[in-house]
Amino acid sequence: MKRQVFFAGFSLTLSVALAYYINSSFLATLVGRDNVGFVYAGAAFAALLVIPFIAPLGRRFGLLKPSRWFTLIFLASLLTLASSRDPRIEIAAFIISYASIVGLGLWLDIYLETLSTNQSTGRIRGGYLTVLNAAVLLAPYVSGRIAGDAGNYQKIYWLSFILALPLLYQMFVRLTNQRLPANNSSLGKKLRDSNLRKILALDFLLNLFYFFMVIYLPLHLHNVLGFGWEKIGLIFTIMLVPFVLVEYPLGWLADRRFGEKEILSLGLIIAALATFPIFFLTTKSFAVWAGLLFLTRVGASAIESMKETYLFKKVSASDIGIISLSRFTVPLAYIIGSLVSVIMLRSFPITSLFILISALFILGLYFSLTLKDTK
């Protein structure tokens, strides 16, 4: 069963990742660069509306049936993005696609948690993240080659749709239904744990970092510095290598050798120091950008691996409210990031956003250093 969940996560991520870094440029052709944040805010708001229904659906129908519904909605939205020529329909399809992705990711998280024990959480979560990031690794390069200088964005959505079809097979043939165990503790009671609140705060900061990087870094490299999409795709492929190399070993170390707080803190420092230079970097050197962005992801992969390990050691599958709340930080970060970026870009360059997230990572050291390790 674990293998089926891993494969379903791989299929979903491969499909999503293909369009991950070109979405903002595609939306900019529809609404303009300065308004892209509003579309992402709408998509994030739609996801926020979806998340509260996850627990009731899971308790009434089990995990499988709602997962199938979300899969069909996701595929339909991709097909619409690939084929429509109406900007209003395309924007609506993007919003629906985003909300369905958040929902599907949450269903798979809950599936995996039903198969995990605290003694193996770091390895299972590290392995799962490694599988997902292996799917992400080559996607920017492939999408960059397809988009080219002509911006053939809809071809990417067609390929994304095709790559999502194995997910349909997993949902309707391979995965079996799982019932959620009874929840013996309320969300409010769980949130009295200050350590859980701190890990959720770090989750939010990491998703804010991803928001700025995914949306505004491609726009900066392409529209401001003039990098072609093929070169950007290759830079991003190199940038993502740390996620494949380090997350499983760090999960193993968190299970066997260290607690999570030390690795979390080191990741925050590396990510902050590597993100800050983006503000003043004007070079068009491929090697400089690839190396710097590689370092940002060394830090981010450490943060991601440890916050996932810590969170899922503190909860069980019955704590669907906490698991949902952790995924709530993704659209919340996108809403707040959208509002902040729309305001800041009226007066400051895109690169000012990276100074902001660098400073927030340094402030985030308070949360990581005051965590109580799970060991």
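Further up the page is the structure itself.
No experiment lies behind these values; they were computed from the predicted model shown. Starting from 1, residues in each chain are numbered consecutively following that chain's sequence as written. Whole-chain, interface and lining totals are the exception, using all residues; otherwise, since this is a predicted model, local features are given only for residues with pLDDT of at least 70 and side-chain atom pairs are given and counted only at 80 or more. To obtain the side-chain values, all non-hydrogen atoms of the structure were used and water was disregarded.

Caption draft 1: Up close: the overall build of the protein chain. When helices and strands are tallied, the protein chain shows 18 helices and zero strands. Restricting the calculation to C-alpha atoms gives the radius of gyration, and the globule rule supplies 2.2 Å times the number of residues raised to the power 0.38. In summary, the protein chain has a C-alpha radius of gyration of 19 Å against a globular reference of 21 Å for 375 residues, a match within 12%. What makes two residues a contact is simply this: any of their non-hydrogen atoms within 4.5 Å. Excluding contacts between residues fewer than 6 apart, the proportion of contacts in the protein chain whose partners are at least 24 apart in sequence is 86%. Counting 33 positive and 17 negative side-chain charges, the protein chain places the averaged centre of each group 5 Å from the other. By the criteria applied, helices consist of DSSP H or I runs no shorter than four residues and strands consist of E runs no shorter than two, each listed in order from the N terminus. By the counting scheme adopted, Arg and Lys are positive, Glu and Asp are negative, and His together with the chain ends is not counted. All charge positions are set by atom: Lys at NZ, Arg at CZ, Asp at CG, Glu at CD.

Caption draft 2: Here's a closer look at the nonpolar core. Remark: nonpolar core denotes a set of buried residues (Ala, Val, Leu, Ile, Met, Phe, Trp, Tyr, Cys) joined through side-chain atoms within 4.5 Å. The cut-offs for exposure are 20% and 50% of the maximum accessible area for each residue type, with area from a 1.4 Å probe on protein chains only; residues under the lower value are buried, those over the upper are exposed, and the others partly exposed. Counting 122 residues, the largest nonpolar core has Ile 199, Tyr 216, Phe 236, Trp 289 and Phe 361 as the members making the most contacts within it. For this core, the element with the most residues is helix 11 (residues 194–224), which contributes 19 residues. Ignoring sequence-local partners within four residues, the contact set of Trp 289 consists of Leu 217, His 220, Leu 221, Leu 225, Phe 227, Ile 235, Ile 278, Leu 281 and Thr 283.

Caption draft 3: Spotlight on the packing of helix 11 against helix 17 (residues 352–363). Helix 17 packs onto helix 11 with a crossing angle of 165° between their chain directions and a minimal axis gap of 10 Å. If you check the angle between helix 11 and helix 17, you find them roughly antiparallel. Here the hand of the crossing between helix 11 and helix 17 comes out left-handed. Residues Leu 205, Leu 206, Leu 208, Phe 209, Phe 212, Met 213, Tyr 216 and Leu 217 of helix 11 pack against Leu 353, Phe 354, Leu 356, Ile 357, Leu 360 and Phe 361 of helix 17. Split into classes, the residues belonging to the contact of helix 11 with helix 17 amount to 14 nonpolar, no polar and no charged. Interaxial angle, 0 to 180 degrees, is taken between N-to-C directions of lines fitted to C-alpha atoms, where a helix line uses only the stretch in contact. Under this scheme an angle from 65 to 115 degrees is roughly perpendicular, one under 35 degrees roughly parallel, and one over 145 degrees roughly antiparallel; angles in between are oblique. Should the near helix be turned anticlockwise from the far one by less than a right angle, the crossing is left-handed, and should it be turned clockwise, the crossing is right-handed. Throughout this entry, Asp, Glu, Lys and Arg are counted as charged residues, while Ala, Val, Leu, Ile, Met, Phe, Trp, Tyr, Cys and Pro are counted as nonpolar. The remaining residues, Gly among them, count as polar.

Caption draft 4: Just a nonpolar patch on the surface, in detail. The grouping of Leu 138, Tyr 141, Val 142, Leu 234 and Ile 238 at the surface amounts to a nonpolar patch, some 380 Å² of accessible area in total. Inspection of the secondary structure puts Leu 234 in helix 12 (residues 229–239). What goes into a patch is any residue over 30% in relative accessible area without a salt bridge, connected to like charges within 9 Å or, for nonpolar side chains (Val, Leu, Ile, Met, Phe, Trp, Tyr), within 5 Å. Accessible surface is estimated by sampling points in the Shrake-Rupley manner with a 1.4 Å probe; for residues, cover comes only from the protein chains shown. Every case where a carboxyl oxygen of Asp or Glu lies within 4 Å of a side-chain nitrogen of Lys or Arg is listed as a salt bridge.

Caption draft 5: A look at the pattern of salt bridges. Tallied over the full model, the rule gives seven salt bridges. The salt bridge involving Asp 109 is made with Arg 327; its shortest N-O contact spans 2.6 Å. Here Asp 109 is found in helix 6 (residues 87–113), whereas its partner Arg 327 is found in helix 16 (residues 320–344), with 218 residues between them in sequence. Comparing Asp 109 with Arg 327 shows no difference in burial state: the two are buried.

Caption draft 6: Inspection of the environment of Val 102 at higher detail. Position of Val 102 among the secondary structure elements: in helix 6. Separated by 55 residues in sequence, Val 102 and Ala 47 place their C-alpha atoms 6.5 Å apart.

Caption draft 7: The environment of Ile 162, seen in detail. Within the secondary structure, Ile 162 is located in helix 9 (residues 153–174). Exposure remark for Ile 162: the relative accessible area of 48% places this residue in the partly exposed category. Considering only alpha carbons, one finds Ile 162 and Leu 79, 83 residues apart in sequence, at a separation of 9.3 Å.

Caption draft 8: Molecular detail of helix 14 (residues 261–275). The span you would expect from a helix comes to 1.5 Å times its residue count less one. Between its terminal C-alpha atoms helix 14 stretches 21 Å, which fits the 21 Å expected from 15 residues at 1.5 Å a residue. All of the buried residues along helix 14 are Ile 263, Leu 264, Ser 265, Gly 267, Leu 268, Ala 271, Ala 272, Ala 274 and Thr 275.

Caption draft 9: View of the side chain of Thr 71. Within the secondary structure layout, Thr 71 lies in helix 5 (residues 64–83). Setting aside chain neighbours within four positions, we find Thr 71 in contact with Leu 104, Leu 167, Leu 168 and Met 171.

Caption draft 10: Representation of the packing of aromatic side chains in the model. Note on aromatic contacts: the rings of Phe and Tyr and the six-membered ring of Trp form a pair at centre separations within 6.5 Å, being stacked when their planes are under 30 degrees apart, edge-to-face when over 60 apart, and tilted otherwise. Counted according to the given criterion, the structure contains 17 aromatic pairs. A ring pair is formed by Tyr 40 and Phe 94, whose centres lie 5.2 Å apart and whose planes are at 75°; its orientation type is edge-to-face. Taken together, the residues Tyr 40 in helix 3 (residues 36–50) and Phe 94 in helix 6 connect sequence positions 54 residues apart. We note that Tyr 40, like Phe 94, is buried.

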